[in-house]
Structure formats: structure tokens, C-alpha cells
Amino acid sequence: MSHVKSHKSPIILILPGWGDSGPQHWQSLWLKKFPNAVKVEQKDWNFPKKDDWVATLNDFIEKYQDTEIILVGHSIGSPLIAFWAKEYFPHSKAKIKGAFLVSPSDTEAPDFPKEIQGFAPVPREKLPFKTIAVVSSNDTLVSAARAEFFAKSWGAELVNIGSHGHINTDAGFGEWARGEELLWKLME
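Residues numbered from 1 in each chain as written. Predicted model: local features only at pLDDT ≥ 70, side-chain atom pairs only at ≥ 80, totals over all residues. Heavy atoms only, no water.

Undergrad: Give a detailed account of the pattern of salt bridges, specifying residues and quantitative values.
TA: By the definition in use, this model includes 10 salt bridges. Across the pair Glu 180 and Lys 33 runs a salt bridge whose closest N-O atoms are separated by 3.0 Å. Of this pair, Glu 180 sits in helix α5 (residues 177-187) while Lys 33 is found in helix α1 (residues 26-33), placing the two residues 147 residues apart along the sequence. When the shortest N-O distance is used, the salt bridge between Arg 146 and Asp 106 registers 2.9 Å. One end of the pair, Arg 146, is in helix α4 (residues 144-154); the other, Asp 106, is in the loop between β4 (95-102) and β5 (130-135), and 40 residues separate them in sequence. On the basis of relative accessible area, Arg 146 is assigned to the partly exposed category, the value being 23%. For Asp 106, a relative accessible area of 7% puts it in the buried group. Bridged by salt links that share partners, the residues Asp 106, Glu 108, Arg 124 and Arg 146 form one connected network. (Salt bridge = Lys/Arg side-chain N within 4 Å of Asp/Glu carboxyl O. Helix = DSSP H or I, 4+ residues; strand = E, 2+ residues; numbered from the N terminus. Buried < 20%, exposed > 50% of the residue type's maximum accessible area, 1.4 Å probe, protein only.)

As C-alpha cells, then:
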């Protein structure tokens, strides 16, 4: 699906999860495809600390506060958006047009990787902007029931795409046309 972007296109802030998104991951491909996409570069991809990640996200959002922004989170990048909204949005001048949350990791699960610190408990507040949550029924980092619970808590439109793992490169997601279609719903 091809879309022509005008100078008024929102900035698309790409928020990878733990370990970053590899070169064939749909997020990395979107960075190349969309001239208005910008990656939020975290200081430590392998040992994420929630407070550091939230502050870095806020720095990027402030940089683009005069432009509409679409937040695109994958894995822990999804609850990261909820943490940012809870802490910063009430005082922010940011123009968040929407959030696209893919495979929102269950950071509260007992077997969640210990390298990821401070991302629990996941905020349950409704997000103050249009949100779409895309989940898989057999994600290794979040059960379908928990993903649906998070989406409902956040006030997100839920899209369950079936049995597609963590919706990443290992699950066969490079180019992702359906993801792009859902992203463009947030642009409307």
C-alpha cells in the first residue's frame, strides 16, 4: 500500500523493544520506507531501565512537540508508551495523534526476563489518544488474555491477528502490509 505524505504528515516515532529491532524487522523497514519515521534510540538496548527509557522517549517527544506524533511501540515499547502517558502527558504540550502498540509484553509475568527492570506494574490507565493494539494468540511474551486485558485497560482498539508469535522477524514479520494499513487508520 503506497501513501503520499505531505509536509503535514505526523512524525512516526518508532519504539523498539528489548534488544532493538534488527534490520529485517518491520519497524526497521518502516524507518526506511517512511521519511517521517524516526527511531527513539535508547541508551541500553540489552538492560532496559524503565525510568531511562521513559525519559529518552520524552526527550524525543519534546523535540517534535510542534508536530503531530504517532507512537509505534513493539514489545516493551508498548507499555513504555503507557508509562510515558501516565508520567508526562498531563503536563506535555505534545500533539500525540495516536499510538500503535504491537505485542505489548507482559512485564508482570513471573518468567519475564530479569534484564528488563522497572517495567512492572504496567499502567492500567486509559491512554489519552487514539490507540490500536495488535496482538497474537501465541505470543511468547504475553498471553492473548493478558494482551487483551492491557488493550482494554488502555482503551485501545484490539486487533488479534491469530497465531503469529511475537510479531517480529523470528515470526516472519519483515514487510507487514496489514500493519501499515492499521498504522494509516491512526493517520486519518
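Having seen it, we continue.
Undergrad: Let's hear about the packing of aromatic side chains: which residues, and what values?
TA: Under the counting rule described, the total for this entry stands at 15 aromatic pairs. Centroid distance Trp 26 to Trp 30: 4.7 Å. Interplanar angle 65°. Geometry classified as edge-to-face. Taken as a pair, Trp 26 and Trp 30 lie in helix α1 at a separation of 4 residues, close to a single helical turn. The class for Trp 30 is buried, based on a relative accessible area of 1%. (Phe/Tyr/Trp six-rings, centres within 6.5 Å; stacked < 30°, edge-to-face > 60°.)

Undergrad: So what's going on with the sheet that holds strand β2 (residues 37-39)? Residues and values would help.
TA: As summarised here, the arrangement of the 6 strands in space is β2-β1-β3-β4-β5-β6, forming an open sheet in which the pairing is parallel. Two strands bound the open sheet, and with one partner strand each, they are β2 and β6 (157-160). Mean inter-strand twist for the sheet, computed between neighbouring axes without regard to direction, equals 20°. Pairing of strand β1 (residues 11-15) with strand β3 (residues 68-74), which is carried by 5 bridges, proceeds in the parallel orientation. From the neighbouring strand, Ile 12 faces β3, where its bridge partner is Ile 70. (Pairing = 2+ DSSP bridges. Axes fitted to C-alpha atoms, helices over the stretch in contact; angles between N-to-C directions.)

Undergrad: Lay out the nonpolar core in plain terms, naming residues and giving numbers.
TA: Side chains of a nonpolar character, in soluble globular proteins, are inclined to be buried together. The biggest cluster of nonpolar side chains holds 39 residues, and the ones touching the most others in it are Leu 13, Leu 57, Ile 61, Leu 71, Trp 84 and Phe 129. Counting only elements with at least two residues in this core, the list comes to β1, α2 (50-63), β3, α3 (77-87), β4, β5 and α4. No other element matches α3, which puts 6 residues into this core. Those residues in contact with Leu 57, other than ones at most four positions away along the chain, are Leu 13, Leu 15, Val 40, Gln 42, Leu 71, Leu 80, Ile 81 and Trp 84. (Core = buried A, V, L, I, M, F, W, Y, C linked by side-chain atoms within 4.5 Å. Contact = heavy atoms within 4.5 Å.)

Undergrad: Outline the pairing of β1, supporting the account with residue identities and numerical values.
TA: Of all the 5 residues making up β1, 5 are buried; the element is thus mostly covered by neighbouring parts of the structure. Burial of the side chains of β1 extends over both faces: Ile 11, Leu 13 and Leu 15 are buried on one face and Ile 12 and Ile 14 on the other. As paired strands, β1 and β2 are joined by 3 bridges and run parallel to one another. Bridging from a neighbouring strand, Leu 13 pairs with Val 38 of β2. Viewed along the sheet, the connection from β1 through α1 into β2 turns out right-handed. (Right-handed = clockwise from strand over helix to strand, strands pointing away.)

Undergrad: Tell me about α2, and please be specific about residues and values.
TA: Under the 1.5 Å per step criterion, the end-to-end length of α2 is 20 Å for 14 residues, consistent within 8% with the ideal 20 Å. Buried positions along α2 lie against β1, β2, β3, α3 and β4. (Expected span 1.5 Å × (residues − 1).)

Undergrad: Tell me about the environment of Asn 46, and name the residues and values.
TA: Examined against the element boundaries, Asn 46 turns out to sit in the loop between β2 and α2. Sequence separation between Asn 46 and Arg 146 is 100 residues, and the spatial gap between their C-alpha atoms is 24 Å. Here Asn 46 is in contact with Trp 18, Gly 19 and Glu 115, once residues within four sequence places are set aside.

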